[in-house]
Amino acid sequence: MSAIKPDTRPRANPYPQWLANIRFGPALAISLIVGGSIRLLYILLVFGATDPMLDGDGLSYHLEALRLADGLGYTSAMWDVGAQTAHHPPAWVTLLGGVSVLGFDTIHEHQMLGVLIGMLVIAVCAWVGRLFFGDLAGVAAGALAAVYPGFWVLDAQILSEPLALALLGASIIAFYRFSRVPNARHAIAVGVFVGLTTLTRPEQIALLVLLIPILWRAAQLSFTRRALLALLVFAIVALLITPWAVFNAKRFEIPVFMSTNMGAGLLIGNCPLTFEGKNRGFFDMGCLKYAKKSKKIKDRAVTDRLHRDAAIEQIRNNLDKLPLTLVARYGRAFGVYRLRHTVEEVSQWHGTPRWPVWAWVTSFWFIAALAVVGATAAIRARIDISPLAISILLMLGVLGVFYGEPRYHTMADLSFVVLAGFGLVTLLQWVSGGSAVQPPPAPDS
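Residues numbered from 1 in each chain as written. Predicted model: local features only at pLDDT ≥ 70, side-chain atom pairs only at ≥ 80, totals over all residues. Heavy atoms only, no water.

(A) Spatial organisation of the overall build of the chain. Secondary structure summary: the chain contains 19 helices and zero strands in total. The C-alpha atoms of the chain give a radius of gyration of 23 Å, which matches the 22 Å a tight globule of 445 residues would have. Across its three principal directions, the C-alpha atoms of the chain cover 95 × 55 × 55 Å. Burial status across the chain gives 53% buried among its 445 residues. A separation threshold of at least 6 residues defines the contact pool for the chain, and within that pool the share at least 24 residues apart is 76%. Accessible area of the chain: about 20400 Å², with a carbon and sulfur share of 66%. For the chain, the distance from the average position of its 37 positive side-chain charges to the average position of its 27 negative side-chain charges is 8 Å. (Helix = DSSP H or I, 4+ residues; strand = E, 2+ residues; numbered from the N terminus. Rg over C-alpha atoms; globule rule 2.2 N^0.38 Å. Buried < 20%, exposed > 50% of the residue type's maximum accessible area, 1.4 Å probe, protein only. Contact = heavy atoms within 4.5 Å. Areas by Shrake-Rupley, 256 points an atom, 1.4 Å probe, with all protein chains shown as cover. Lys, Arg positive; Asp, Glu negative; His and termini not counted. Charge placed at Lys NZ, Arg CZ, Asp CG, Glu CD.)

(B) Highlighting the packing of aromatic side chains. Applying the stated criterion across every chain, the model contains 19 aromatic pairs. Pairing tyrosine 74 with phenylalanine 247 gives two aromatic rings, centres 6.0 Å apart and planes at 65°, and the pair type is edge-to-face. Of this pair, tyrosine 74 sits in the loop between α3 (56-69) and α4 (90-101) while phenylalanine 247 sits in helix α11 (residues 223-251); the two residues are 173 residues apart in sequence, bridging distant segments of the chain. Their ring planes at 45° and their centres at 6.0 Å tell us that phenylalanine 132 and phenylalanine 133 sit as a pair that is tilted. Among the residues examined, phenylalanine 132 registers a relative accessible area of 2% and is labelled buried. (Phe/Tyr/Trp six-rings, centres within 6.5 Å; stacked < 30°, edge-to-face > 60°.)

(C) Just α3, in detail. The terminal C-alpha atoms of α3, which comprises 14 residues, lie 21 Å apart, in line with the 20 Å expected from a rise of 1.5 Å per residue. Counting buried positions over the 14 residues of α3 gives ten, a clear majority of the element. Along α3, the positions that sit buried rather than exposed are Gly56, Asp57, Gly58, Leu59, Ser60, Tyr61, His62, Glu64, Ala65 and Arg67. In the core, the buried residues of α3 are packed alongside α4, α5 (107-133) and α16 (339-350). A positive phi of about 85° marks glycine 71, the residue just after α3. (Expected span 1.5 Å × (residues − 1).)

(D) Structural view of the state of the cysteines. Within this structure, the stated rule accounts for one disulfide. The residue that forms a disulfide with cysteine 271 is cysteine 287, at a sulfur-sulfur distance of 2.0 Å. Judged by the torsion about the S-S bond (-65°), the cysteine 271/cysteine 287 disulfide is left-handed. Note that cysteine 271 is positioned in the loop between α12 (262-267) and α13 (272-275) and cysteine 287 in the loop between α13 and α14 (300-317), a separation of 16 residues in sequence. Both residues of the pair, cysteine 271 and cysteine 287, count as buried. (Disulfide = S-S within 2.5 Å.)

(E) Quick look at the environment of leucine 428. In this fold, leucine 428 is placed in helix α19 (residues 410-431). For leucine 428, a relative accessible area of 32% puts it in the partly exposed group.

(F) Molecular detail of the pattern of salt bridges. Under the defined criterion, the tally for this structure stands at eleven salt bridges. One salt bridge connects arginine 354 with glutamate 344, and the closest N-O pair in it is separated by 3.7 Å. You can see arginine 354 sitting in helix α17 (residues 354-380) and its partner glutamate 344 sitting in helix α16, a full ten residues away along the chain. With a relative accessible area of 46%, arginine 354 lands in the partly exposed category. Bridged by salt links that share partners, the residues Asp57, Glu161, Arg201, Glu203 and Arg407 form one connected network. (Salt bridge = Lys/Arg side-chain N within 4 Å of Asp/Glu carboxyl O.)

Okay, here's the thing in structure tokens:
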């Protein structure tokens, strides 16, 4: 019996020729130019050429950074001015303070830093997409990140999200490489980036759960080797975050792991004012009145605990209203419940016109729809997307516990954009009659 000859007939390219000719590097460069131009134009259009005045957390970050640059430490710049504070995790305030020391201390200059980091987010989205799904998906992810209002609106607000997204993307890349080659070098990278991400957004420490499936699948390593790699990651994360916790122990009466704002955030989303009525599922600063505190209390850590205790009490007292409130929270965040009210409140809080918030919310629907296509295709192709899925699961947990606002799904938007890029490529492939998607080859160690 003669051997079966391989099929050497030329195969049709699954994409149009112009699409097949796209190269990752030049395409990413175009995305960075377009994304940077959009961000600069947005700042000029909305905030003007003169130094503007922000509102909300962006203003708080800016002013606290100026105090830090002036040698006043991590102290309050609003309300109880001068009081010791850990209102925000330290990474973003510290970075802003560092550039302020160098003389870049105006609101516009801090916004420019946000633009630069926002462009880094574009690159990270493209690179993550390339690692998981190939060059063309990486190109699509970078292009979507460049134009997505959910990124460029926040880049100009002097908020911590751009830095957190860049670090989160680096963490996902580190986990990806560690899963392919579980060695000490990649374990160190995982520990460094997860630690830095946690110093920006504390809930992201939950990324460490990814070590469990990664090391479980590393059957080629002994149990002792896997345990040592896990300990190395934990040790590096602890090394990065412990100095902040120790520093806080000297400033406050009770331990502060990362922030003195968690209790207030929990309370403003969990009281009778948010369990029903016009603010159902949203937040209301009036909820703070339910905390049993004295004006004599100056320690922010003590106040934070009182806020947390009050929030827990309010949740217990309103358990019957909680199910509908949870639905409202997710509806608010994803723009399908009381959208007009949410947009009005968010624009007022950030001190911006309404149209950027409308663009942000409505464009998310498009991104989310493409992400569903991408996730479905990835699962069918047996591509491991757990490093992307963890951010989405974390976001859903945060929304359920606190309150619904578009900003609260931002930390999952990197995963949504990357999956959307793959979804866009999958649709183009399907329209062109291409074959099933194959996972990209593993990168070199």
